[in-house]
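For reference, the chains in residue letters:
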Amino acid sequence: MAEVKVKAQPPDADPVEIENRIIELCHQFPHGITDQVIQNEMPHIEAQQRAMAINRLLSMGQLDLLRSNTGLLYRIKESQNTGKMKGSDNQEKLVYQIIEDAGNKGIWSRDIRYKSNLPLTEINKILKNLESKKLIKAVKSVAASKKKVYMLYNLQPDRSVTGGAWYSDQDFESEFVEVLNQQCFKFLQSKAETARESKQNPMIQRNSSFASSHEVWKYICELGISKVELSMEDIETILNTLIYDGKVEMTIIAAKEGTVGSVDGHMKLYRAVSPIIQPTGLVRAPCGLCPVFDDCHEGGEISPSNCIYMTEWLEF
Amino acid sequence: MTQAEIKLCSLLLQEHFGEIVDKIGTHLIRTGSQPLRAIVHDTGTSLDQVKKALCVLIQHNLVTYQIHKRGVVEYEAHCSRILRILRYPRYIYTAKTLYSDTGELIVEELLLNGKMTMSAVVKKVADRLTETMEDGKTMDYSEVSSTFCRLADTHFVQRCPLVPDPPESADAQPPPPAPTLSINEKDMYLVPKLNLVGKGKRRRSSDDDAAGEPRPKRPKQTAESKEPIPDDGIYWQADLDRFHQHFRDQSIVSAVANRMDQTSSEIVRTMLRMSEITTSSCAPFTQPLSSNEIFRSLPVGYNISKQVLDQYLTLLADDPLEFVGKSGDSGGGMYVINLHKALASLAMATLESIVQERFGSRCARIFRLVLRKKHLEQKQVEDFAMIPAKEAKDMLYKLLSENLISLQEIPKTPDHAPSRTFYLYTVNSLSAARMLLRRCYKSIANLIERRQFETKENKRLLEKSQRVEAILASMQATGAEEAQLQEIEEMITAPERQQLEGLKRNVNKLDASEIQVDETIFVLESYTESTMKRA
């Protein structure tokens, strides 16, 4: 008797069952599972059925395919995302994934094109699509005002893109910086004044005229003139501008790790100073500030004899 | 010699010595060393006049001569020495602060006459001082000579090089066409032992009891003065380098006083005073001084304890200014003053001040930033200075067009494509200092020209007022009445008087301004010299 070998389907050979088992396995190993693991779990399923089940899961967007050193990994995708991507085709998903990978620095449209190898027109269409679905947004970079970087809708742009505390809406806030500048300088000046008046021995006098960056930071925070939260590095950049104005000098001392305000074992101290010379002689004469200095010679249109700046200056 | 320097020298020579000397001097500056015949030929003046002009210039140390090969004597003008004429008021003022009126007049006489013998100086100064004193008092020669000796001891005046005694050789060599002058280092400040006895003589125009007698004696006196003066041949001149050293010390002390406090500046002044004689004027560091020595040499009024002095010295050595450095630990700590660094800081502060006054404090911020960080990209400048990008760009380009900042290109690719090159902004301090120096020279030339113009404009008025003054003086001498004097004074009307007042004020202002610009010149010149010597 011809026995028709009916391939008895084992009870869980049902495709849906396979998929569910795979999903369960993925939940068990959130970092991802390799093909080997699935094989070990369900040894009686043939490779073909396995591959079909995995493909179905991938196309449904429930699994993520990743490559690792050992081979391919399958990872469960977060369930919320699966809802969004319904109705989008693969290209959009690809672009979305690239943008997501860029994190909060965002990615430029040309870079998206390189990574996805899609033509420009397609990219633009997809980006418009995603934007209308409110999945991504465009943020103008502060460095190059024409450049737009794309990032996920709900992410906060990184400091390097928006410029940090000094920029509000792509505009550099000069008055804010000026105000902070003056406040810091006043604080350091008054500290130096009190130190000078204390008239103790010179070492103590000098040491008490110093203020660490941490002290200045606390003072500015307490003043409350800034609506944005300022970090110690921000205050240090402001203090650096005061150094470049020649009003303040800085020294670095070694400090114990635990002391307040120390960074990597050293502290920066700032002190208000006065300039070492008075405004120099050349600028007290009109010639020092004259804008047409190079055109001036005796007998010409502009000469010392008929110089109007000199006439005005002599009348003071 | 830049055009600006030559113009300024020409103006100075003309103002102080006249047209002919100006012509000869300017010609020598322009053409370098020239023999006598060439000068006569090129300038078109007679031999006699050229000789006289050269005499004047040599007497004032503005021109030197040298024997070249084949026995030709060539004359060379020193442009830098001519520019020192601007600084004469400052030298005289320094002598006044250090040695009071006597010192002031001695230095003034020496500067105005170039070279003089000690006895001549003493006599003249005594006469001048006697005139200003009250009736009946006279200035003793000994006081003046003692001040002179003190000036020589502190090296403010020095002997001029002499003709060495001809060697007693058998073969009678023909005398060289021009004497070679030399002086021994030791003899430079040696005051000859003179027995100057006498008192200053007043120049009397009115009859006096004593005057009646000297009048017939006067011709005899002039005959007496023909007898050989004891120190004939020993001429003295003012040592300008020493004065420069003094100015440099002054500016360092005031810089320390501005940055720290009065006591620190006094300590630095003491250290500089101790190194006055021991350190040459162009050394980058003073000799190391131990803290014990400094303590002993502090001025008497300052009673600070040794520990406090040590604390101050440590503070000075640690200061970011880096004027004072610690060079060892013997003797309680050896300290040196870093002269080159001090001059560089002063010059940089001058540059920064000029940028600040000309372009504003934000430009000054950018300038200081690039000065400190040496090389910066455009983006970095904006970030560090916290100035919006547009404004920062504008200011950088303005500074660039004035040549205070320069660009350094660093290409990434061999073809120097602009999009693939780094452009770094940097400040070349030496060239910026030189450029500003040239500007100072031109400014002073402008100020002098304006002053001459103002005087020329009002020449008529000035002459009139001089005439009126002469009439007044002569009438007063002959004993005129009050009413007559009044009448003569009214010859100058009120608006004219105002005009004269205004003129005087303007001329004074321009003069003062010249001296101020000269201060800038001093700082920048010292810096360039010190840097060139180190390089």
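Residues numbered from 1 in each chain as written. Chains lettered and ligands numbered in written order. Predicted model: local features only at pLDDT ≥ 70, side-chain atom pairs only at ≥ 80, totals over all residues. Heavy atoms only, no water.

## Concerning the domain arrangement of chain B
Residues and elements named next belong to chain B.
Now for step 1: In terms of domains, chain B is made up of domain 1 (3-77), domain 2 (79-164 + 179-198 + 232-238), domain 3 (241-337), domain 4 (342-427) and domain 5 (433-475 + 487-531).
Now for step 2: One C-alpha centre belongs to domain 2, the other to domain 5; they are set 28 Å apart.
Now for step 3: If you look at the interface, domain 2 gives six residues, while domain 5 gives nine residues.
Now for step 4: Carbon and sulfur atoms make up 56% of the surface buried where domain 2 meets domain 5, a total of about 700 Å² over both sides.
Now for step 5: It is L86, R87 and R90 in domain 2 that bury the most area against domain 5; as a group they hold 72% of the surface buried on that side.
Now for step 6: Between domain 2 and domain 5 we count three salt bridges in total.
Now for step 7: Put simply, R87 and D518 hold a salt bridge, and the shortest N to O gap is 3.1 Å.
Now for step 8: Residues of the side of domain 2 that touches domain 5, tallied by class, amount to three nonpolar, no polar and three charged. (Domains from an automatic or database assignment. Contact = heavy atoms within 4.5 Å. Buried area = accessible area lost by both parts, 1.4 Å probe. Salt bridge = Lys/Arg side-chain N within 4 Å of Asp/Glu carboxyl O. Nonpolar A, V, L, I, M, F, W, Y, C, P; charged D, E, K, R; others polar.)

## Quick notes on the interface of chain B and chain A
Accessible area lost upon the coming together of the parts serves often as the stated size of an interface.
Now for step 1: Taken together, the 53 residues of chain B in the interface contact 51 residues of chain A.
Now for step 2: Both faces combined, the contact of chain B with chain A buries some 4700 Å², and carbon together with sulfur accounts for 60% of it.
Now for step 3: Ranking the residues of chain B by area buried against chain A places B:R259, B:M386 and B:R450 at the top, with a combined share of 16%.
Now for step 4: Taken together, chain B and chain A are joined by four salt bridges.

## Describing the packing of aromatic side chains
All names here are of chain B.
Now for step 1: All told, the structure shown has 10 aromatic pairs over all chains when counted by the stated rule.
Now for step 2: Ring plane angle 0° and centroid distance 5.7 Å describe the contact between Y91 and F247, whose orientation is recorded as stacked. Of this pair, Y91 sits in helix α6 (residues 88-113) while F247 sits in helix α11 (residues 240-259), placing them 156 residues apart in sequence.
Now for step 3: Judged by its relative accessible area of 1%, F247 falls in the buried class. (Phe/Tyr/Trp six-rings, centres within 6.5 Å; stacked < 30°, edge-to-face > 60°. Helix = DSSP H or I, 4+ residues; strand = E, 2+ residues; numbered from the N terminus. Buried < 20%, exposed > 50% of the residue type's maximum accessible area, 1.4 Å probe, protein only.)

## Side note on the state of the cysteines
Now for step 1: All told, the structure shown has zero disulfides over all chains when counted by the stated rule.
Now for step 2: Free cysteine: A:C287, not disulfide-bonded; nearest cysteine sulfur from A:C307 at 6.4 Å. (Disulfide = S-S within 2.5 Å.)

## Considerations on the domain arrangement of chain A
Now for step 1: When its domains are assigned, chain A resolves into domain 1 (15-76), domain 2 (88-163), domain 3 (174-272) and domain 4 (287-315).
Now for step 2: Once you take the C-alpha centre of each, domain 1 of chain A and domain 4 of chain A turn out to be 88 Å apart.

## Notes on a nonpolar patch on the surface
Residue and element names in this part refer to chain A.
Now for step 1: Where nonpolar side chains cluster on the molecular surface, the patch consists of V179, L223 and I225 and spans about 200 Å² of accessible area.
Now for step 2: Note that I225 resides in the loop between α11 (213-223) and α12 (232-244).
Now for step 3: A relative accessible area of 34% places I225 in the partly exposed class. (Patch = residues over 30% accessible without salt bridge, like charges linked within 9 Å, V, L, I, M, F, W, Y side chains within 5 Å. Areas by Shrake-Rupley, 256 points an atom, 1.4 Å probe, with all protein chains shown as cover.)

## A short note on the sheet that holds strand β4 (residues 116-117) of chain B
Residue and element names in this part refer to chain B.
Now for step 1: Reading across from one edge, β4-β6-β5 is the order of the three strands in this open sheet, with antiparallel pairing throughout. Looking at which strands have only one partner, the edges of the open sheet turn out to be β4 and β5 (157-159).
Now for step 2: Where β4 lies against strand β6 (residues 235-238), two bridges are found, and the strand directions are antiparallel. Bridging across to β6, T117 finds its partner in Y235. (Pairing = 2+ DSSP bridges.)

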